[in-house]
Amino acid sequence: METAAALSGIGVHLFRAGVWKPRTRPGSFEGNGIEAMEWLQEAKREYKIPVTVEVAEPEHIEQALKHNIDVLWVGARTTVNPFQVQHLADALKGVGIPVMVKNPVNADVDLWQGAIERFEQAGAKEVAAIHRGFSGYTPAAGYRNQPNWPVPIELKRRRPELAVICDPSHITGNRNRIAEVAQKAMDMHFDGLMIETHPHPDEAWSDAAQQVTPQMLREILLNLVVREEFTQDMSGLVQLEYLRQLMDSLDAEIIDLVAKRMELSEQMGEVKRACNMTAFQPGRWREIVETRGERAETHQLSKEFIIELYEKIHHESIRKQLLILENNKPAVNGDII
Ligand code: PEP
Ligand code: MN
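It should be emphasised that the depicted structure is a prediction, and the values quoted were computed from it without experimental measurement. (Residues numbered from 1 in each chain as written. Chains lettered and ligands numbered in written order. Predicted model: local features only at pLDDT ≥ 70, side-chain atom pairs only at ≥ 80, totals over all residues. Heavy atoms only, no water.)

(A) Expanded view of the packing of aromatic side chains. All told, the structure shown has two aromatic pairs when counted by the stated rule. Seen from their ring centres, phenylalanine 29 and tryptophan 205 are 5.0 Å apart, and the 70 degrees between their planes marks the pair as edge-to-face. Highlighted residues: phenylalanine 29 in the loop between β1 (15-17) and α2 (35-47) and tryptophan 205 in the loop between β7 (192-193) and α10 (214-223), separated in sequence by 176 residues. A relative accessible area of 25% places phenylalanine 29 in the partly exposed class. Both rings, one in tryptophan 149 and one in phenylalanine 190, keep their centres 5.6 Å apart while their planes meet at 85 degrees; by these two values the pair is edge-to-face. Of this pair, tryptophan 149 sits in the loop between β5 (127-131) and α7 (150-158) while phenylalanine 190 sits in the loop between α9 (178-187) and β7, and the two are 41 residues apart along the sequence. Exposure remark for tryptophan 149: the relative accessible area of 10% places this residue in the buried category. The class of phenylalanine 190 is buried, set by a relative accessible area of 10%. Looking at arginine 177, its charged tip hangs above the ring of tyrosine 143, at a distance of 4.5 Å from the centre. (Phe/Tyr/Trp six-rings, centres within 6.5 Å; stacked < 30°, edge-to-face > 60°. Helix = DSSP H or I, 4+ residues; strand = E, 2+ residues; numbered from the N terminus. Buried < 20%, exposed > 50% of the residue type's maximum accessible area, 1.4 Å probe, protein only. Lys NZ or Arg CZ within 6 Å of the ring centre and 35° of its normal.)

(B) Representation of the site of ligand 1. Around ligand 1, the neighbouring residues are Arg16, Lys21, Pro22, Glu54, Trp73, Gly75, Ala76, Arg77, Lys102, Arg132, His170 and Glu196. Taking arginine 77, its side chain carries an N or O atom lying 3.3 Å from an oxygen atom of ligand 1. With the chains in place, 98% of the 300 Å² that ligand 1 exposes on its own is no longer accessible. (Near = heavy atom within 4 Å. Polar contact = N/O pair within 3.5 Å; in protein donor to acceptor, adjacent residues only side chain to side chain. Areas by Shrake-Rupley, 256 points an atom, 1.4 Å probe, with all protein chains shown as cover.)

(C) Inspection of the coordination of the manganese ion (ligand 2) at higher detail. Within the protein, the manganese ion (ligand 2) binds to His170 (NE2) and Asp207 (OD); these donor distances fall in the range 2.4 to 2.5 Å. Here aspartate 207 lies in the loop between β7 and α10 and histidine 170 lies in helix α8 (residues 168-172), a separation of 37 residues in the sequence. (Donors = N, O, S within 2.8 Å, 3.2 Å for Na, K, Ca; no water.)

(D) Structural detail: the pattern of salt bridges. Within the structure shown, the criterion is met by 16 salt bridges. As a salt-bridge pair, arginine 159 and glutamate 120 come within 2.7 Å of each other at their nearest N and O atoms. Linking arginine 159 in the loop between α7 and β6 (163-166) with glutamate 120 in helix α6 (residues 109-121), this pair joins segments that are 39 residues apart in sequence. A relative accessible area of 14% means that arginine 159 is categorised as buried. Residue glutamate 120 is classed as partly exposed on the basis of its relative accessible area, which comes to 26%. One network of salt bridges, in which partners are shared, links Asp110, Glu154, Arg157 and Arg158. (Salt bridge = Lys/Arg side-chain N within 4 Å of Asp/Glu carboxyl O.)

(E) Layout of the environment of valine 127. Looking at where valine 127 falls in the secondary structure, it is placed in strand β5. With 37 residues separating them along the chain, valine 127 and valine 164 place their C-alpha atoms 9.4 Å apart.

(F) Summary view of the layout of surface pockets. Taken as a whole, the second largest pocket holds about 580 Å³ of empty space. Among the secondary structure elements, those contributing two or more residues to the lining of the second largest pocket are α11 (234-274), α12 (282-298) and α13 (303-327). When residues of the lining of the second largest pocket are assigned to their parent elements, the largest contribution, seven residues, is made by α11. Here the lining of the second largest pocket is built from residues that sort into 10 nonpolar, one polar and five charged. (1 Å grid on protein atoms, 1.4 Å probe; cavity = no way out; pocket = protein on both sides within 12 Å on 5 of 7 lines; lining within 4 Å. Points joined across faces, edges and corners; volume = space filled by probe spheres on them. Nonpolar A, V, L, I, M, F, W, Y, C, P; charged D, E, K, R; others polar.)

(G) Local environment of the side chain of serine 265. Here serine 265 shows up in helix α11. Using a relative accessible area of 5% as the deciding quantity, one classes serine 265 as buried. Look past the residues within four positions of serine 265 in its chain and what remains in contact with it is Ser317 and Gln321. (Contact = heavy atoms within 4.5 Å.)

Next comes the structure, spelled out in structure tokens:
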């Protein structure tokens, strides 16, 4: 109630609370269960704010509906399991309550989309996706769950009308980095934010390190720069149009060059076949990584980015050369075309 009171009037549209908490290891706080439903109803009544809970079992859905919960969300640990998602979707057939689907713990856009579709097929009219990052053995760049932005971007490309919300609390696992990730989500055209809040963050019974006080949340929201996809500013539009045309023609050149490079790879494949050589030569690949990486740096380009790009290009070259090696019988001496 203290949190709900502090949040009322700062522009929060939905009040989240974990009544049942999926915990990674046993023995941690697993939520207050059904008793907490009453508290949520009280917060909803008192502060006129719609409320949402995580559901992971059909009984959770039954209880949530019985207690007038406005929106449901499905956690990352549930989205990974199509059987369980289908059970939840079946329990929602014909109900029409909005559902938010967190990404699965692994960076699999099909699995995420599939869970969303199961709810849609069960008749849910309003479904949103929540990006909460992806877990790994060594979380990179100090995140609790690696954001891997191309995954939600791909989901939005496939489903442009779908609302995509970002959960910087579970991405960062760190209250001091929430503002930075929230801003990034706004700059990447996300439709909303889910942020965990606690009046005494360090005393929170779950995920204490990522809780912000309502006051801190207020500041985060006030400092957010919310940008638009489109502008009415004519001079900005003209400038953008000009730059986009330049970019379109550069991209055409890049694709033409990649095609020429692939032609060379195929010719090399023929030579390798004739000489009974392997398609992949580790020494040559090391040389490519080194020289392309160095060249990238002379243009202030990130070495990692160019090497990643070359990994993709090289992989495609090898694939083409393997086809050549497979489709032809071993060479007879001197059979160079
Ligand atoms: C949560 O939102 O509290 C939660 C358990 O998150 P996730 O499903 O993203 O791990
Ligand atoms: Mn949490």
